[in-house]
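# Chain and residue survey
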Amino acid sequence: MKRQAILATAFAFAATAAFAEIAPTAVTFAEDGSIAESLTGVPGNAEEGAKVASTRPLGNCVACHVVSALTADFQGDIGPELNGAADRWTEAQLRGIVVDAKHTFEGTMMPGMYKTGPFIRPGDAYTGKAAPAELPPILTAQQVEDVVAFLLTLKE
Amino acid sequence: MMQRMSRTTFAAAAALMLGFGPAVAGPAEDELVVNDEITITTVAPAAAHLEGHLDTVYSGWLFRTEDSRAMQKDDFENPMFIYVERGLEAWDMADGSEGKSCADCHGSIEEGMKGVRAKMPKVNAGGALWSMEDYINSCRTERMGAEAWKWNSGEMKDMTSAISLQSRGMPVDVAIDGPAAEFWQRGKDMYYTRYGQLELSCANCHEDNYGNNIRADHLSQGQTNGFPLYRLKDGAAVSIHQRFVGCVRDSRAETFAAGSQEFRELELYVASRGLGLQIEGVAVRP
């Protein structure tokens, strides 16, 4: 908790120092798939993250995971339950999993939330039409940070 | 209804009604006997070509709730019979510049179309892979001098429904060797390709996760032996290619068109994953 507070201040500091947002194509993963550095330098908002995790066109994490802290109905069971995720993973690892879990779990079904390609026949959201040339990632950099902040509250 | 119940009450009620939730895993234990007389095989050992992928194949019917399963057990409850009735009428009706009906060339639908659905899609005399819709349109344009029907039009679904019913209870019987082999292989490649921004393949949902829940959806093996089928959610009949379009779109991908070469090849491969099951034409889904 204390360490987090210090971290948060450090990030807030970085933010005031005109932190440049890291683009999806510029993200660097460590060997284990983790990402140490915040994508935005602005501390994540766990409440916003909870919304992103429950909302269909956004993270919709509950499509595949049970998260008991969320009230969203029909939580899926494709992936493991996320209860206690913060006991199992560090912040850097969670960031890596949300950005593109394929670096952590080879071949996983979990979609990359902050990824712009390469994809096979990318679509324009759920329209079935071809994606625009500049395909935005599913989540913004700040939404990723918000989800990570939310995941860090999941302790057992 | 939704507004009057609290969200949790609704969720709990819905979970009870529809059997959702992590507690439900795998296919139901139920037997499909239609009109108390036609028993249809909904579980079978997987075909040899699925070795290492699936041991057992299950009809999508087994993954649905008791309510929608019941609708398919009784033709009077099955909304697809509205389509079937219209298709049977169209079968006998002359159309086009030649003044001919389907019956003029094929005789009664019961005899002329028996077993046809079970073999679709198949390679035609010219070496092209055709779905049932292609055969129907070829008869209309070449032999009747009538206009082609659009793939997902009401007229087309009426006719494919009436024809499919003539194979009800017959085993899926698609050919995957000889001239069909190259089409089948391309369909297989598609099945395992991870399309779209979500990078999902058919196999991700229907091979690796059947029996699991993706949000409110209880995943089946994505078999096609029940098509064309009635989707209560859409309040309409759905063709095989229409279902494929929906699944590819849900992967945040650019879909292929209904009737495209790609989807005919995929249709052949997916049909072959159902070898061992029997044709249900015409099924009901939520």
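Cut-offs and rules
- Residues numbered from 1 in each chain as written.
- Chains lettered and ligands numbered in written order.
- Predicted model: local features only at pLDDT ≥ 70, side-chain atom pairs only at ≥ 80, totals over all residues.
- Heavy atoms only, no water.
- Domains from an automatic or database assignment.
- Contact = heavy atoms within 4.5 Å.
- Buried area = accessible area lost by both parts, 1.4 Å probe.
- Salt bridge = Lys/Arg side-chain N within 4 Å of Asp/Glu carboxyl O.
- Polar contact = N/O pair within 3.5 Å; in protein donor to acceptor, adjacent residues only side chain to side chain.
- Helix = DSSP H or I, 4+ residues; strand = E, 2+ residues; numbered from the N terminus.
- Axes fitted to C-alpha atoms, helices over the stretch in contact; angles between N-to-C directions.
- Parallel < 35°, antiparallel > 145°, perpendicular 65-115°, else oblique.
- Nonpolar A, V, L, I, M, F, W, Y, C, P; charged D, E, K, R; others polar.
- Pairing = 2+ DSSP bridges.
- Disulfide = S-S within 2.5 Å.
- Buried < 20%, exposed > 50% of the residue type's maximum accessible area, 1.4 Å probe, protein only.
- Expected span 1.5 Å × (residues − 1).
- Patch = residues over 30% accessible without salt bridge, like charges linked within 9 Å, V, L, I, M, F, W, Y side chains within 5 Å.
- Areas by Shrake-Rupley, 256 points an atom, 1.4 Å probe, with all protein chains shown as cover.
- Lys, Arg positive; Asp, Glu negative; His and termini not counted.
- Charge placed at Lys NZ, Arg CZ, Asp CG, Glu CD.

- Where an unreviewed UniProt entry is consulted, chain A appears under the name Sulfur oxidation c-type cytochrome SoxX, with the organism given as Pseudothioclava arenosa.

## Thoughts on the domain arrangement of chain B
All names here are of chain B.
- When the domains of chain B are assigned, the result is domain 1 (26-77 + 171-285) and domain 2 (80-165).
- In this complex, domain 1 contributes 33 residues to the contact, which on the side of domain 2 involves 23 residues.
- Interface area, domain 1 with domain 2, both sides summed: about 2200 Å², of which 63% is carbon and sulfur.
- Of the charged contacts, one joins R264 and D134 as a salt bridge, the two residues approaching to 3.7 Å between their closest N and O atoms.
- Across the contact surface, domain 1 and domain 2 share 10 residue pairs in polar contact (both at pLDDT 80 or more).
- Counting residues per element, the ones that place at least two in the side of domain 1 that touches domain 2 are β9 (229-231), β10 (236-238), α10 (240-249) and α11 (261-272).
- Here the side of domain 1 that touches domain 2 takes five residues from α11, the largest share from any one element.

## Focus on the packing of helix α8 (residues 181-191) of chain B against α11(B)
All names here are of chain B.
- With their axes 7 Å apart at the nearest point, α8 and α11 run at an angle of 90 degrees to one another. One element, α8, and the other, α11, form an angle in the roughly perpendicular class. Contacts between α8 and α11 pair F183, W184, R186, G187, K188, M190 and Y191 from the former with Q261, E262, F263, E265, L266, L268, Y269, V270 and S272 from the latter.
- Taken together, the residues of the contact of α8 with α11 sort by class into nine nonpolar, three polar and four charged.

## Concerning the sheet that holds β10(B)
Residue and element names in this part refer to chain B.
- Reading across the sheet, the three strands line up as β10-β9-β11 and stay open at both edges, with mixed pairing between neighbours. Each having just a single partner strand, β10 and β11 (283-285) make up the two edges of the open sheet. On average, each strand axis in the sheet is tilted by 35 degrees relative to the strand beside it, whichever way the strands run.
- The sheet contact formed by β9 and β11 spans three bridges and is parallel. Residue pairing in the sheet places Y230 in a bridge with V284 of β11.

## So, the interface of chain A and chain B
- The interface is formed by 38 residues belonging to chain A together with 29 residues belonging to chain B.
- Taken over both partners, the interface formed by chain A and chain B buries close to 3000 Å², and the fraction arising from carbon and sulfur atoms is 53%.
- For the chain A face of the interface with chain B, the top three residues by lost area are F74(A), M109(A) and R121(A), together amounting to 27%.
- Linking chain A with chain B are three salt bridges.
- Class assignment of the residues belonging to the side of chain A that touches chain B gives a composition of 21 nonpolar, 10 polar and seven charged.

## What about the state of the cysteines?
- All chains considered together, the criterion is met by zero disulfides over all chains.
- In this structure C64(A) is a free cysteine whose sulfur lies 7.9 Å from that of C205(B), the closest cysteine sulfur available.
- A residue is classified by how much of its surface remains accessible, and C64(A), at 18% relative accessible area, is buried.
- The structure places no disulfide on C105(B), whose sulfur is separated from the nearest cysteine sulfur, that of C139(B), by 7.1 Å.

## What to know about helix α7 (residues 154-165) of chain B
All names here are of chain B.
- Here α7 is 12 residues long and its end C-alpha atoms lie 17 Å apart, about the 16 Å a rise of 1.5 Å per residue gives.
- In terms of burial, α7 is largely enclosed, as 10 of its 12 residues are buried.
- When α7 is considered as a whole, its buried residues turn out to be M156, K157, D158, M159, T160, S161, A162, I163, S164 and L165.
- Residues of α7 that are buried in the fold lie against α3 (80-91), α4 (102-106), α5 (109-112), α6 (132-144), β10 and α10.

## With respect to a negative patch on the surface
Residue and element names in this part refer to chain B.
- Negative charge collects at one region of the surface, where E85, E89, D92, D104, E110 and E111 lie side by side.
- Only α3 and α5 provide two or more residues apiece to the negative patch.
- Looking at the element boundaries, E110 is found in helix α5.
- Judged by relative accessible area, which is 48%, E110 ranks as partly exposed.

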